[in-house]
Amino acid sequence: MDYITIDTKRVPIEGENNILSLIRKAGIDLPTFCYHSELSIYGACRMCVVEDDRGRIFASCSEQPRPGMVIYTNTKKIQSYRRLIIELLLSSHCRDCTTCQKNGKCSLQELAYRVGVHAVRFLNNKKKIPLDMSSPSIVRDPNKCILCGDCVRTCDEIQGIGAIDFAFRGSDTQVMPAFNRALSETNCVGCGQCAVVCPTAAISVRTNVTEVWDAITDPAIRVVAQIAPAVRVAIGESFHVARGENSFGKLVAALRVMGFDEIYDTSFAADLTVMEESKELAERLEKSEKLPLFTSCCPGWVKYCENHYPEFTDNISTCRSPQGMFSPLIKDYFKEKDINENKKTIVVSIMPCTAKKGEILRPDNFTDGKQDTDYVITTQEVIRMIKQVGIQFEQLEEEAADMPFAVASGGGTIFGATGGVTEAVLRKLAKDKSYQNLKEISYIGVRGEETVKETTVTLGDREVKIAVVHGLAETGRLLERIKAGEVSYDFVEVMACRRGCIMGGGQPPFAGDRTKKGRMDGLYKADVMSNIRYPDENPVLNHMYQTNIKGKEHKLFHRNIVK
Amino acid sequence: MRLETRENLKSARASAINKIKKENCRILICAGTGCLAGGSDKIYKKLKEMAKGVEGVTLEFGEEAAHVGVHESGCHGFCEMGPLVRIEPWNYLYIKVKEEDCEEIFNTTIVKGKPVERLMYHQDEMIYKEQENIPFYAKQTRLVLKNCGQINAEDIEEYIAAGGYEALEKALFEMSPNDIVNEITKANLRGRGGGGFQTGYKWKQVASQPEKIRYVVCNGDEGDPGAFMDRSVMEGDPHKMLEGMAIAAYAVGAQEGYIYVRAEYPLAIKRLKIAIEQAEQRGLLGDNILGSGFNFRIHINRGAGAFVCGEGSALTASIEGERGMPRTKPPRTVEQGLFAKPTVLNNVETYANVSMIITNGAKWYQGIGTESSPGTKAFAITGSVNNTGLIEVPMGTTLREIVYDIGGGVKNGAEFKAVQIGGPSGGCLVSNNLDVKLDFDSLKKLGAMIGSGGLVVMDEDTCMVEVARFFMNFTQNESCGKCVPCREGTKRMLEILERIVSGNGTLEDLDLLEELGEAITATALCGLGKSAALPVLSTLKNFREEYVEHVVDKRCKTGTCQAMIKYKINPEACKGCSKCARNCPVNAISGKVKEPFIINGDKCIKCGACIENCSFGAIYTEN
């Protein structure tokens, strides 16, 4: 087998197309800012420079391996170049590390420490640039940008949006929306994937932690939390819990310590979504209109569709997202109690998602003209809150969520992974509610990381064609094929983020391949462990359909679409 | 009229030659940018007007009825002496011609056939009547620039008469694409854009790609300060380059070509447009060229003035409408260049070499220049040299020949100090290097490069630190901002250099400059970045003592660095009139009336107001 030699170690070439991946395979975590396996090779940070046996120096990310090459990753020259590159980056970087959002999680900070930069010999004479706080989802702080371009490529290549790009030249270069418009005035959907890849705090999640603490500490306010499915399999990573392990019980316990009054599981609302959406699908199939039906759970996707493919907006389900259904339901549930106790209920949803922060502000998600969800805090933010209090998360005893919204099916839980919504809907539509049929449905081809998954099921006398897509660039390509008539479907599940909500913009960043897989496996494991697997077998939900939500379904659970 | 066959081209050539022959007097007024700025367009109009009056009149010099052809030509190269007027058949070259001179030129030369000696170049009391005998021209080998200044660049017939499109004809009808690639490879034509990459090898790689859609791109984004070789070809002999591109396209199987030319070259763009249009009308470009079945169309793309767009991948990105930033390679341009298709990318001068190789053969070409770098190279020679302008010499010519024989030596008899070669990407050559034979490889060894061919001569009064600062300022401005070493590193190098020339540098700064320079050279992404530090590193190597003088003695002996000049009052000459103190805007001068005044160096802003106002010449500056 062909191999190259890396720091005296023989490393076989097994289809890798750049030397950097071979170096990483050899167990050396060569530092980089601009290399991501899912993005195009950019070659700007030059941190991955290596030296060969002929003294040639080159960036390993963009060099093809040739059999017999001899590479050194840590020569004296390389060490000094790497140090100087970091020093140069730091010299134009806002160095308020101690008060920075990313403090302790910043790649620049980490690499400066790793390569041993102890002083910066250059004066920082960069002018302060104002922050862009216009988006409800993310904050841009150009003062912290190191111009690695990861956000630009993610927005363009993965999400197909291109809301931000480089402007100006040389040391004046900045990443910004076209014409330096505010992010809120662009076609940004708020998915937050730019913040996920940002090595510093140049793009970060817009935080609502302060407002939530204010509410918690106000005795006149009943603070209700709803926890989205994907949060439970990611939060533990920050507290020495094994990757992908379901930490829902610990999170509930932590929220109680923090002072939340009621804690519910958004998976309950996911069951609700399945009920409403499958009803809608059945109706549309019957009438053969507005097909394919697109899912509406993902606010990033809804906004993308409105911005880029307005011709398809009618095809999007009128259902609100699980978060959007849950909050009005909770508020309706506490309506009388609030009056009696002279309290005000506010809903804080704990989400893996930054776009959810924008979703709650959409008038079509309001009930009686009022915003239902008061605050969205992301997994990252809730981690910060737990750390603020000093809760030893990993030592917490698991606790259950509060009734009545603690009961959810496994079908609701898997909403957090791509294909989950579809699988849950298929469970609802299935006549055969056996364990065996559950297995059958899980093999149907909607699980997994493939960007477009297609399957066909028979419902009654009809073949229903289904597609599952994640990542908006891929979604755009699929929509083009639908438009061109190359493919046709009856039901299409879209998640803006690759792999679904488990990799949402609000999740802890820098997830490697094993973490990504761990999160996905974690959700399916939670499903298997649920007492209820079929969403339509949720007893609380079924009871409510007969009692307190009867007749209010449209008002509470569907978007009020004004033409 | 369209030329449908090669025979058509032959007869078109014959008639074009005939037409020119009829002009028993040809006046070629340089319409290069320099001469135009000197008013050559007015001279052209005037002479043209005057020539109208003699059509059909028998003049003294001729037997037949006179046909006086008045034409605007491309750059003659001798820019120092512009505006230039050449008059054939005597090949007189009139220099520094003014509109007022036209009458005399006309009455003496055109009417009587006599020279106007006062308008002729003279050196060492010798008057040079014929252009070819002027030392500036006599020592050159003008192949690429052969037609520049000799033909009307806006008339394809003149190019055809001068043997134009003969090579394309030969290529299309007598050679296979493979033959052409082999011939260019054998000629060892190396890219004139700076890198010196083997053109034939490049073409071969493109020709062997599985993808069948291919492009031919011409880099006309000449951006080095002071360089205008490519511009002169585009303005003075555009067809030569178009023909080269067409041959390249045929050799690699391309049907579309793009010329990326700076928008700051409006004249080049205008002449290229005219040339393409005329070539298309005659069927020398477009569909089924000369009936051979070969199609080739050329488009012009105007660059918005970014130096980095001269880099291959930034250039193709710019043509595609993307931000002009270099990308990592592989894939290389030959594999995935313009629109991700295999692309031949050469610069103007390289393409201009192609036709003569095809016509005369690789062997002939190898006979010119050196073994490893055959052919000629055009240089734009500027700075402290008597004959600035555009020259072309065989590769391997020494710097001494260029500076002294062609350039006429250093201005004002000053001493030669150095030459900055290759512009902001190059390095400096010092007096020790005067006898080095200039070619791609010898320069590389000296830490310099031919670059596109800018050559700035510097004399003893040039401050090398300031030269380094100047080029670093340029590169820093032109950095695209993509890779860290170039974006941040050049900024810091410039800061340090600015510190040094303002008298605030330290010895540590010199080490830091070297550290930065080496790291940028080793780690930058593209050629621009990799060579950005060369001017600094090479001046540091050759003139370190000058840097040390700036940082230790706070002295610039050439007096270039303003901040280090000291204003002083000679107490012997000072009468104590206080006029200087009263005129000093910052109150830096004090003293008692009728006693010598003194200047406080810390306060002095070196404006010179005191010197201007001193009636006794008592104030002087010290470098």
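This one's a predicted model, so the numbers in the text were calculated from it and none came from an experiment.

A.B. asks: I'd like a rundown of the domain arrangement of chain A, residues and numbers included.
C.D. replies: Put simply, an interface is often sized by how much accessible area is lost when its parts join up. Split into domains, chain A comes out as domain 1 (3–74), domain 2 (138–207) and domain 3 (210–557). Once you take the C-alpha centre of each, domain 1 of chain A and domain 3 of chain A turn out to be 41 Å apart.

A.B. asks: Just give me the short version of the UniProt feature "domain: 4Fe-4S His(Cys)3-ligated-type" (unreviewed entry) in chain A, but keep the residues and values in it.
C.D. replies: With numbering matched to this structure, UniProt assigns "domain: 4Fe-4S His(Cys)3-ligated-type" (unreviewed entry) to residues 77–116 of chain A. For the annotated span residues 77–116 of chain A, helix accounts for 60% and strand for 0% of the residues, and the straight-line distance between the end C-alpha atoms is 14 Å.

A.B. asks: Kindly report on the sheet that holds strand 1 (residues 3–6) of chain A, identifying the contributing residues and their values.
C.D. replies: All names here are of chain A. One open sheet holds the five strands; their spatial order is 2-1-5-3-4, and the pairing between them is mixed. Both outer strands of the open sheet, strand 2 (9–12) and strand 4 (57–59), are each paired with one neighbouring strand and no more. Neighbouring strand axes in the sheet, compared pairwise and without regard to direction, differ in orientation by 35° on average. Taken together, the three bridges between strand 3 (residues 49–52) and strand 4 define a ladder with antiparallel strand orientation. Note that in strand 4 the partner of glutamate 51 across the bridge is isoleucine 57.

A.B. asks: So what's going on with the packing of helix 2 (residues 76–91) of chain A against helix 20 (residues 507–523) of chain B? Which residues, and what values?
C.D. replies: At a minimum axis distance of 10 Å, the contact between helix 2 of chain A and helix 20 of chain B shows a crossing angle of 100°. As judged from the angle between their axes, helix 2 of chain A and helix 20 of chain B are roughly perpendicular. Packed against helix 2 of chain A, whose contacting residues are Tyr81(A), Leu84(A) and Ile85(A), the element helix 20 of chain B presents Glu515(B), Ala519(B), Ala522(B) and Thr523(B) at the interface.

A.B. asks: Can you break down the sheet that holds strand 11 (residues 262–265) of chain A residue by residue, with the values?
C.D. replies: Residue and element names in this part refer to chain A. Taken in spatial order, the four strands line up as 11-10-13-14 in an open sheet, and their pairing is parallel. The open sheet has two edge strands with one neighbour each: strand 11 and strand 14 (375–378). Each neighbouring strand pair of the sheet contributes to a mean axis angle of 25°, computed without reference to strand direction. As paired elements, strand 10 (residues 221–227) and strand 11 share four bridges and run parallel to each other. Considered in strand 11, the bridge of alanine 225 is made with isoleucine 263. Together, strand 13 (344–351) and strand 14 form the strand contacts of helix 13 (residues 379–389), whose direction differs from that of strand 14 by roughly 80°.

The rules behind these values
Residues numbered from 1 in each chain as written. Chains lettered and ligands numbered in written order. Predicted model: local features only at pLDDT ≥ 70, side-chain atom pairs only at ≥ 80, totals over all residues. Domains from an automatic or database assignment. UniProt positions renumbered as here; feature names shortened; annotations may be inferred. Helix = DSSP H or I, 4+ residues; strand = E, 2+ residues; numbered from the N terminus. Pairing = 2+ DSSP bridges. Axes fitted to C-alpha atoms, helices over the stretch in contact; angles between N-to-C directions. Parallel < 35°, antiparallel > 145°, perpendicular 65-115°, else oblique. Contact = placed C-beta atoms within 7 Å.

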